[in-house]
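# Chains, contacts and geometry: an overview
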Amino acid sequence: TEELVEDKYKDVPTSGDSIRRKVLPSASLVPDDPTVLLTIAGMLQFKPIFLGKVPRQVPCATTSQRCIRTNDVENVGRTSRHHTFFEMLGNFSFGDYFKKEAIKWAWELTTLEYVRVWSASRQSMVSVYEDDDEAFEMWHDEVGVPVERIKRMGEEDNFWTSGVTGPCGPCSELYYDFHPERGHSDVDLGDDTRFVEFYNLVFMQYNRTDDGSLEPLKQKNIDTGLGLERMACILQKVPNNYETDLIFPIIEKASELANVSYVLADDSMKTKVKIIGDHLHAIVYLLSDSVVPSNIGRGYVVRQLIRRAVRTGRLVGIKGDIEEAFLPTIIQTLILEELKREELHFVQTLERGEKLLDQMLADALSSAQENSTAPCLSGKDAFLLYDTYGFPVEITREVADERGVSIDMNSFDIEMENQRRQSQAAHNAVKLEVEDGGDLAENIHDTEFLGYDALSTRAVVEA
Ligand code: ATP
Ligand code: MG
Ligand code: MG
Ligand code: MG
């Protein structure tokens, strides 16, 4: 997929101040936003940009955002698709591409012929906001989805908003159909034994103000969210998110400690071990974002999750120190796997960089020969290797030296300085926004957090 995307943008400059798109890191689970307690979606870190309060750094961005949704705690282990902790894969446009491209590319991505496993999503259903004729036409006329597989839905499902106020807009969602053979007349997209919503495309074009009215944003934006666990569930062909390799090892460990076989366990037991797996997952990520147990706000969320995990553990007969019992599995699943992925990714980047450097040096040598000048690598090239491929300039210089090529260090330094200035400007802009928003920690005490009820241990007793 990465290569495909590269190809799509092959004519678009990828360095200097016209960088078009950037893969950005996940923001913390602790948001820079006093209106929510925890990060609930990929768009949150970009809210100030959507609202036009902070200039965009790039026209388009991509993230894999860790999220917590306490409002889904009652669903954990009961539906096939809800976690308290999950990762949301998102593409964002800040006044760049809009509805047509977002729809076309989402379809392209999830129906890639040569990624065989996805291709079944050609059978997917899509939903559009009830009066969004433009989206309907795009799905039908351009993408070719038959009328019976496009559903118009109301505000509750297809008008996305991150809170009572803030950026929002109509959305269009993709639902994976596990049983397309059942036909498409009279279907209920809420039936999750058949359908799972896996991808949401939000056409972020309004701001909901304090008085509840909608004001158009200066720019039309795109905010998409593809649930990693739901994607894994579809690609790994397992019946629910919990049986994907993202979380199943913890659930298997819980079953082993409870002396049951997960496969043979009844639904009530399965729900309990899923709750343990889900909560441990959430707890580890919350702690690693420095959310420690306490009696207020976020600290209370993590405290309740720990208590619920411990209590559920006791209900299934896991005795003693629950965290310690799970530590080796958690380290293996959440930490070592992550390290391995990072290493693999870096090695691939490094190898691509080596190839590129080789090509650049060959070009420098042949053009020097043509013009009878001394071979020299441009500062721009050396900077591209540094910025995009992680090549320290010393290494580039060493390799270039071996081939008798020098580096234009003056222009390399100028590129470095430009980048430093750009990120400084962006940093200042973000800082201003936080100051405007008031003191975050103070505001949190005033936030009414409805997850307390949902997180009470009552739910476990009833389970
Ligand atoms: P659902 O209707 O299934 O509760 P949603 O409409 O609340 O999902 P969105 O706010 O549209 O979800 O979030 C975008 C995507 O994030 C979803 O399409 C899904 O893939 C994923 N997602 C949302 N909530 C969860 C959750 N609790 N656990 C795992 N993935 C989730
Ligand atoms: Mg939901
Ligand atoms: Mg939904
Ligand atoms: Mg949705």
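Residues numbered from 1 in each chain as written. Chains lettered and ligands numbered in written order. Predicted model: local features only at pLDDT ≥ 70, side-chain atom pairs only at ≥ 80, totals over all residues. Heavy atoms only, no water.

### Let's talk about the coordination of the magnesium ion (ligand 4)
- The magnesium ion (ligand 4) binds to the protein through Glu173 (OE) and Glu197 (OE), with metal-donor distances spanning 1.9 to 2.3 Å.
- In this model, the magnesium ion (ligand 4) sits 3.2 Å from the magnesium ion (ligand 3), the two metals being bridged by Glu197. Placement of the pair is Glu173 in strand S7 (residues 166–177) and Glu197 in strand S8 (residues 195–208), with a sequence separation of 24 residues.
- On the accessibility criterion, Glu173 (3% relative accessible area) is buried. (Donors = N, O, S within 2.8 Å, 3.2 Å for Na, K, Ca; no water. Helix = DSSP H or I, 4+ residues; strand = E, 2+ residues; numbered from the N terminus. Buried < 20%, exposed > 50% of the residue type's maximum accessible area, 1.4 Å probe, protein only.)

### Digging into the packing of helix H8 (residues 248–257) against helix H9 (residues 267–288)
- The geometry of H8 relative to H9 is characterised by a closest axis approach of 8 Å and an angle of 130° between their N-to-C directions. In terms of their interaxial angle, H8 and H9 are classed as oblique. Every pair of crossing elements has a handedness; the one defined by H8 and H9 is right-handed. Touching Ile250, Ile251, Ala254 and Ser255 of H8 are Val273, Lys274, Ile276, Gly277 and Leu280, all from H9.
- Residues that form the contact of H8 with H9 fall into these classes: six nonpolar, two polar and one charged. (Axes fitted to C-alpha atoms, helices over the stretch in contact; angles between N-to-C directions. Parallel < 35°, antiparallel > 145°, perpendicular 65-115°, else oblique. Left-handed = near helix turned anticlockwise from the far one by under 90°. Contact = heavy atoms within 4.5 Å. Nonpolar A, V, L, I, M, F, W, Y, C, P; charged D, E, K, R; others polar.)

### Points about the site of ligand 1
- In the neighbourhood of ligand 1, 16 residues make up the surrounding shell, with Asp72, Arg81, His82, Glu197 and Asn200 lying closest.
- Within the side chain of His82, an N or O atom sits 2.7 Å from an oxygen atom of ligand 1.
- Glu197 places a polar side-chain atom, nitrogen or oxygen, 2.7 Å from an oxygen atom of ligand 1.
- In the complex, 88% of the free accessible area of ligand 1, which totals 590 Å², lies under the protein chains.
- Ranked by residue count, the leading element in the shell around ligand 1 is S8, at four residues. (Near = heavy atom within 4 Å. Polar contact = N/O pair within 3.5 Å; in protein donor to acceptor, adjacent residues only side chain to side chain. Areas by Shrake-Rupley, 256 points an atom, 1.4 Å probe, with all protein chains shown as cover.)

### Remarks on the nonpolar core
- Core analysis: the largest hydrophobic core is formed by 35 residues, its most contacted members being Ile68, Ile251, Ile276, Leu280, Leu286 and Phe326.
- If one sorts the elements of this core by residue count, H9 sits on top with nine residues.
- Beyond its immediate chain neighbours, meaning those up to four positions away, Ile251 contacts Tyr242, Tyr262, Val273, Lys274 and Gly277.
- Counting 29 residues, the second largest nonpolar core, distinct from the first, contains Val126, Leu174, Phe203 and Met231. (Core = buried A, V, L, I, M, F, W, Y, C linked by side-chain atoms within 4.5 Å.)

### Focus on H9
- The end-to-end C-alpha distance of H9, which contains 22 residues, comes to 32 Å, matching closely the 32 Å that a straight helix rising 1.5 Å per residue would cover.
- Summarising burial for H9: 17 of the 22 residues are buried, a large majority.
- Ser290 lies just past H9 and shows a positive phi near 65°. (Expected span 1.5 Å × (residues − 1).)

### Looking at the pattern of salt bridges
- Going through the model one piece at a time under the given rule, you end up with 15 salt bridges.
- As a salt-bridge pair, Asp289 and Arg66 come within 2.9 Å of each other at their nearest N and O atoms. With a gap of 223 residues between them, Asp289 in the loop between H9 and helix H10 (297–315) and Arg66 in strand S2 (residues 60–68) connect regions that are remote in the sequence.
- With its nearest N and O atoms 3.7 Å apart, the salt bridge here joins Arg421 to Glu417. One end of the pair, Arg421, and the other, Glu417, are both in helix H14 (residues 409–436), four residues apart, so they sit about a helical turn from each other.
- One continuous salt-bridge network, built from bridges that share partners, spans Lys99, Asp132 and Glu134. (Salt bridge = Lys/Arg side-chain N within 4 Å of Asp/Glu carboxyl O.)

### Side note on the pairing of S2
- The pairing of strand S1 (residues 21–23) with S2 spans three bridges and is parallel. Note that in S2 the partner of Lys22 across the bridge is Ala61.
- Sheet topology note: the S2/strand S3 (residues 85–94) ladder contains nine bridges and is antiparallel. Among the inter-strand pairings, Ile68 is bridged to a residue of S3, identified as Phe85. (Pairing = 2+ DSSP bridges.)

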